[in-house]
Amino acid sequence: MPRNRIAIASCSHASLSQPLWPILSSRRPAAFVWAGDAIYADVFAGLDWRSVGLKLVGDDGGQKRWRFTFPPPSIHQDATPEIIRGWYARQWEGQSGYREFVEGKNEDGKRPLVFGTIDDHDYGANNGDATYRFRRESNLEFMNFLYAGVPSDYDGSGDGVCQEEARCDLFDGVVDASSTLNINGSMSMRNNQNTEQTRENKAKRRRKSNDPMYQRALQGKGVYGVQLFDFSRDPEASTTHDDVLWGNGYWVPEHEALIDPDVIPAKNDSAEPTYSTTHSVAIFVMDVRSNKTPWPNKNTHSTPKQSATITPQDPTKKQTHSPTHDFLGQHQWKWLRSALSNSRATVNIQVSGLQIHPQRFPNDGNILEEWSKFPEAQQLLYDTVLNSGVSSPLFVSGDVHMSQILRKDCVRRQVLDEWDRSEASRMPAMRPLIEVTTSGMTHSWGTSFSSQPKHHRWPLWPYSYFISRTFMTVAHYVLPWRDLVIRTAQDVEREERDGSTSHSGGKIGKQFELGLNFGEFEFDFGENSNVCRLVNNDCNGSDNHFPRDGAVTVRIFGKEANQSPKLEMRWTFGELSGKAPLPGMSASYPKDFTSVAYRLHASQSNQSNLLADWICVPYRDGVVEETSSKRFERCRSYEWKQPLDSKTMLSYFNSSSPFCPSLLVLSNV
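Calculation criteria
Along each chain, the written sequence defines residue order, and numbers are assigned to residues from 1. Per-residue local features of the predicted model are confined to residues with pLDDT of at least 70, and side-chain atom pairs are confined, for both listing and counting, to 80 or more; whole-chain, interface and lining totals are unaffected and use all residues. Calculation of side-chain values draws on the structure's entire complement of heavy atoms; hydrogens and water are dropped beforehand. Numbering goes from the N terminus for both helices and strands, where a helix is a DSSP run of H or I of at least four residues and a strand is a run of E of at least two. Summary of the burial criterion: residues with accessible area below 20% of their type's maximum are buried, those above 50% are exposed, and those between are partly exposed, where the area comes from a 1.4 Å probe applied to protein chains only. Contact definition: two residues touch when any of their heavy atoms are within 4.5 Å. In these tables, accessible area is a Shrake-Rupley quantity obtained with a 1.4 Å probe, and a residue counts as shielded only by the protein chains included in the view. Classification of ring pairs rests on two measures: the distance between centres of Phe, Tyr or Trp rings, Trp counted by its six-membered ring, which must be within 6.5 Å, and the angle between planes, read as stacked under 30 degrees, edge-to-face over 60 and tilted in between. By the criterion adopted, a ring carries a charge over it if an Arg CZ or a Lys NZ lies within 6 Å of its centre and within 35 degrees of its normal. Salt bridges are counted wherever a side-chain nitrogen of Lys or Arg sits within 4 Å of a carboxyl oxygen of Asp or Glu. Each residue after the first adds 1.5 Å to the expected span of a helix.

Undergrad: Looking at this structure, how should I read the overall build of the protein?
TA: From N to C terminus, the protein includes 17 helices and 27 strands. For the protein, buried positions account for 54% of its 669 residues. Taking contacts inside the protein between residues at least 6 apart in sequence as the whole, the part at least 24 apart equals 76%. Accessible area of the protein: about 29,800 Å², with a carbon and sulfur share of 51%.

Here you go:
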């Protein structure tokens, strides 16, 4: 039976060994998604040792703030369009196995659909942003790379590509299938008695000229978009060749998916989608480079001053469309909100070149990039995804040359503001947000984190490999990364009990993998089977079986062929959508949530009008156990609505509750 699979990976250097493509081919995913750094086009030019040390970075009302910088930031030379084009050609034409994977060398003629987004190194500028002078040219080179191996836009046999300045829109394009590309690059039009039929046939085929992502790249807006896959359609019923993919996948053209707001014409804004809403997967790719705000030279955005109170939400306050420090830009935020609201897919995956959940040291975005360095943008992304109401959202990221599974749990800000401690026994509804990082197709912390080929050759490779793996292994076990998922034996039992098959791999404990890796997402839509919900440890009675919910299984594979996955976890659609509880949360409510709300409020700039609708915290508590005396001291720091009697105080401090007594906390003293 074909498996419903999609693969995602990032960080591939064309000069290094690429052992993962044969393994990817054997898994036969319906699509492969680049999560950034498909090539390394910029040139490493050394380390900036002058930036190392303790330096003054701010003066807030006479309160000086200092920052210690280490390790030194790297220095890179930006790439030109010609250099970028050359690296893409090397990745495509070399002996890596990528071309064979994309062309789907097999007897049935099927192949995976390839698309994705960029990060800094394929963008052409290390830690690149909107100031990169070749950003439009870089975007267009990336689109050409994505469509490598796809038949011509024009007559189905040539190598013609759409003129960069021509508009090839789906509904009002200048160039269509009735055109031919002349030798000199000009366009000639052939008479066609059935232009509308030609346009309709053209729209059903996946071509660069049809792709709204390509149109946005032409206009200099960036490379962001969405693709939809329907796993319920009969491949034999397809009328075109390029919409039937490996496995059980079927690509849904944009004009049928009706998700991308730039494709939906005004006259059809109320049209209903024709795809299955119970067997479909939508993948949204975000461009975190083309419209990104430059990292400040002074670290004024990442070390918020603590506040004693939280300003209540003002429903009359108008919210801005984009934060002061931003990754996406106003046009992309508007597009993302509309696209998410249009999606009726069963699973909705958001792909980012940078990690979304983590907040790691150092705090300087010039050294370590992640969404938390721009907290307003990170918060807006959480709000946008959760407020959209999409089913089963998942984050996927790249960049960091390793694989991790991360989790945050979220609660509505209004619920936090109105929560009464007299209801301490009743936890509010939580929404989990899972992030899967898959990064390191050719180099990783388990081999050498460096992309420079010299660190993968003698005599440097033994030293480089040892330092890389040792450092990052120790970091995972020593540092308090509370968003890193810990998989328990109970999780394995729950996943196998809720699933149709037993697991084939994965490990217990902290979910990270330092070796070369790619991510596979397999979708089980839960039809025609039941699952046991244990009642008194009895699975035999018919009353204990219920229709099984669909689920997403994530597997992280390494470079060893025919080996079980390095990481593997499974979540039901209900758990990802907040309709069923996801076990494992140990973060303290409301303490941890209130603390995050303080920091978020304090980090906002004076010009910002952004309001947090959701408060998201790492799902694990940082405190293993709090003694009664420590709990007493913590609760004494609050001003209470009424005095505490000795009986209430005694019963509370002899209990294991993490909360202060069941009285309303007004504020910290």
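Having seen it, we continue.
Undergrad: Would you take a moment to explain the packing of aromatic side chains for this structure?
TA: Aromatic ring pairs: the centre-centre distance and the angle between the two ring planes describe each pair. Summed over all chains, the structure comprises 33 aromatic pairs. Summarising the aromatic geometry, the rings of F523 and F525 are spaced 6.5 Å apart at their centres and angled 25° between planes, so their arrangement reads as stacked. Under the relative-accessibility criterion, F523 is labelled buried at 2%. Members of the aromatic cluster, joined through ring pairs, are W21, F32, W34, Y88, W92, Y98, F101, F142, F145 and W246. Here the basic side chain of K292 rests over the ring of W295, its NZ or CZ set 4.0 Å away from the ring centre. Over the ring of F512 we find K507, and its NZ or CZ is 4.3 Å from the ring centre.

Undergrad: Hey, could you run me through the pattern of salt bridges in this one?
TA: Working definition: two side chains of opposite charge can pair if their charged atoms are close together. Enumeration according to the criterion identifies 25 salt bridges in this entry. The salt bridge involving R555 is made with E522; its shortest N-O contact spans 2.9 Å. A residue pair is termed long-range when its members are at least 10 positions apart, and R555 in strand β23 (residues 551–557) and E522 in strand β20 (residues 518–524) qualify at 33 residues. Assigned by exposure class, R555 and E522 land together as buried.

Undergrad: I would appreciate a short explanation of helix α5 (residues 135–146) in the present structure.
TA: Residues that lie three or four places apart on an α-helix share one face, since the helix turns once every 3.6 residues. Counted at 1.5 Å a residue, the expected span for α5 with its 12 residues is 16 Å, and the 17 Å between its end C-alpha atoms agrees. Every buried residue of α5 is listed here: S138, N139, L140, E141, F142, M143, F145 and L146. Looking at the buried side of α5, the elements it contacts are β2 (31–35), α2 (81–93), α3 (98–103), β7 (113–117), α4 (120–123) and α7 (212–218).

Undergrad: Any chance you could explain helix α10 (residues 375–388) here in plain terms?
TA: Taking 1.5 Å of rise per residue, 14 residues should cover 20 Å, and α10 covers 20 Å from first to last C-alpha, within 8% of that figure. Along α10, the positions that sit buried rather than exposed are P375, E376, A377, Q378, Q379, L380, L381, Y382, D383, T384, V385 and L386. Of the residues trailing α10, G389 is marked for its positive phi of about 75°.

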